[in-house]
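# Chain and residue survey
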Amino acid sequence: MRNSILAIAFVMGIFGCTSQTPSPTQPAPSSGYLASFDSITISDSLVLALTYSSYKYPGGFYQENLAGGSIYYDNTLSILPVNRRSAHCSELSTNSQDQALAWSESTATNSSYYRRFVSESQTEKYFQFRRVHQLDTNDIVLDRVHKLSYLDRSMFDSFNPTPLIARLNPRPIDTSVVQDFVEYFWFVWNYNVSGAQALATVTRQSVDTSWCVMYSLERMGGDFGVPNEIILLRSVYSVSRQSGDVLLSTSTGRKVQGKNN
């Protein structure tokens, strides 16, 4: 067990995002796989086919058009000069656009080189400031600050991680809100990670807790001539419907030997 953070549909027909209460196994369309809250059944051959394809996540999964930019969330270190930084780092949240812009400017100023502000936008989840390197216009950062009305990560220190990863602030909290967060969270951390692929999300709810289980694949490379190792992961997001506290627990399922590096 480990606690970590570590779009096109695949032609073989895969299982996408489902919701259930509490548990019957949902069949995949066509010749895909079976996923339930407690387990997933998928053949080694399908794992290999997905791994070495362009597949990234199932149809209907949260995604964004980043227009060539890379996502970065401002944090308690990025806004400070290097000589004032410590071994603790938490992402920032606010409901003020002015405060978010001020943090973005501080982050740009204290970066290894300055990227100029060119545009801004926002969603219900974040404020975003598009910044471009003055000498290399292909160097684009989508500098973001969480909206506090949506998400608070001040309690999570990325240098000293704990199972409590965030606090969701929308109300009421239900499986729809939690599944949307899980897909968004996975996308942000994995959109540019080669070898990370989302398979399915399955939800469950009780009077006081909403859960979302995500099944995903992770490809680990080794030395030249050594096979890749493909790992099936099961990540359980448990969210208090009262406080919004999000606990994450990720476990490793079976491993499949892939192609040689």
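This report concerns the structure included in the present document. Worth saying up front: this structure is predicted, and the values here are computed from it rather than measured.

### Regarding the side chain of R115
Among the secondary structure elements, R115 is positioned in strand β6 (residues 115-122). At a separation of 3.4 Å, a polar atom in the side chain of R115 contacts the side chain of Y113. Apart from residues no more than four positions distant in its own chain, R115 is found in contact with A108, R131, V132, H133, D139 and V141.

### A look at the pairing of β6
Sheet topology note: the β6/strand β7 (residues 126-133) ladder contains seven bridges and is antiparallel. Within β7, the residue paired with E120 across the bridge is F129.

### Some thoughts on the environment of V213
Summarising the element assignment, V213 is placed in strand β12 (residues 209-220). Taking the C-alpha atoms as reference points, V213 and A35, separated by 178 residues in sequence, lie 10.0 Å from one another.

### Quick notes on the nonpolar core
In summary, soluble globular proteins display a tendency toward joint burial of nonpolar side chains. In terms of nonpolar packing, the biggest core is built from 33 residues, with I165, L168, F181, Y184, Y237 and V246 touching the most fellow members. It is helix α3 (residues 175-190) that contributes the most residues to this core, eight residues altogether.

### Details of the layout of surface pockets
By volume, the largest pocket amounts to about 360 Å³. In terms of lining, the largest pocket is formed by 19 residues, of which the most central are Y72, Y73, E91, V188 and W189. Mapped onto the lining of the largest pocket, the elements with two or more residues apiece are β4 (70-73) and α3. For the lining of the largest pocket, the residue count by class is eleven nonpolar, six polar and two charged.

### Let's talk about helix α1 (residues 44-51)
Every α-helical turn comprises 3.6 residues, leaving residues that sit three or four positions apart pointing alike. Within the sequence span of α1, burial applies to L46, V47, L50 and T51. Down the axis of α1, the smallest arc covering the buried residues is 135°, so these residues share one side. Buried-residue contacts for α1 involve β11 (196-205), β12, β13 (227-240) and β14 (245-260).

### Section: α3
A rise of 1.5 Å per residue sets the reference length of α3, with its 16 residues, at 22 Å; its end C-alpha atoms lie 22 Å apart and thus fit the reference within 8%. Counting buried positions along α3 gives twelve out of 16 residues, so the element sits mostly inside the fold. Of the residues that open α3, the one with a side-chain oxygen 3.2 Å from the backbone nitrogen of S176 is D174.

### Some details on the pairing of β7
Most of β7 sits inside the fold, with eight of its eight residues counted as buried. In β7, alternate side chains face the same way, and those of Y126, Q128, R130 and V132 on one face and F127, F129, R131 and H133 on the other are all buried. Counting the residues in the hairpin turn of β6 and β7 gives three residues. Between the end of β7 and the start of strand β8 (residues 140-147), which pair antiparallel, lie six residues.

### Some points on the pattern of salt bridges
Under the definition given, this model contains ten salt bridges. R153 is the salt-bridge partner of E91, the closest N and O atoms lying 3.2 Å from each other. Separated by 62 residues along the polypeptide, E91 in the loop between β4 and β5 (93-94) and R153 in the loop between β9 (151-152) and β10 (164-168) bring together distant segments of the chain. In this structure R153 comes out as buried when scored by relative accessible area, which is 2%. In this structure, the salt-bridge partner of K125 is E124, at a minimum N-O distance of 2.7 Å.

Conventions and cut-offs
- Residues numbered from 1 in each chain as written.
- Predicted model: local features only at pLDDT ≥ 70, side-chain atom pairs only at ≥ 80, totals over all residues.
- Heavy atoms only, no water.
- Helix = DSSP H or I, 4+ residues; strand = E, 2+ residues; numbered from the N terminus.
- Polar contact = N/O pair within 3.5 Å; in protein donor to acceptor, adjacent residues only side chain to side chain.
- Contact = heavy atoms within 4.5 Å.
- Pairing = 2+ DSSP bridges.
- Core = buried A, V, L, I, M, F, W, Y, C linked by side-chain atoms within 4.5 Å.
- Buried < 20%, exposed > 50% of the residue type's maximum accessible area, 1.4 Å probe, protein only.
- 1 Å grid on protein atoms, 1.4 Å probe; cavity = no way out; pocket = protein on both sides within 12 Å on 5 of 7 lines; lining within 4 Å.
- Points joined across faces, edges and corners; volume = space filled by probe spheres on them.
- Nonpolar A, V, L, I, M, F, W, Y, C, P; charged D, E, K, R; others polar.
- Arc of directions from axis to C-beta.
- Expected span 1.5 Å × (residues − 1).
- Salt bridge = Lys/Arg side-chain N within 4 Å of Asp/Glu carboxyl O.

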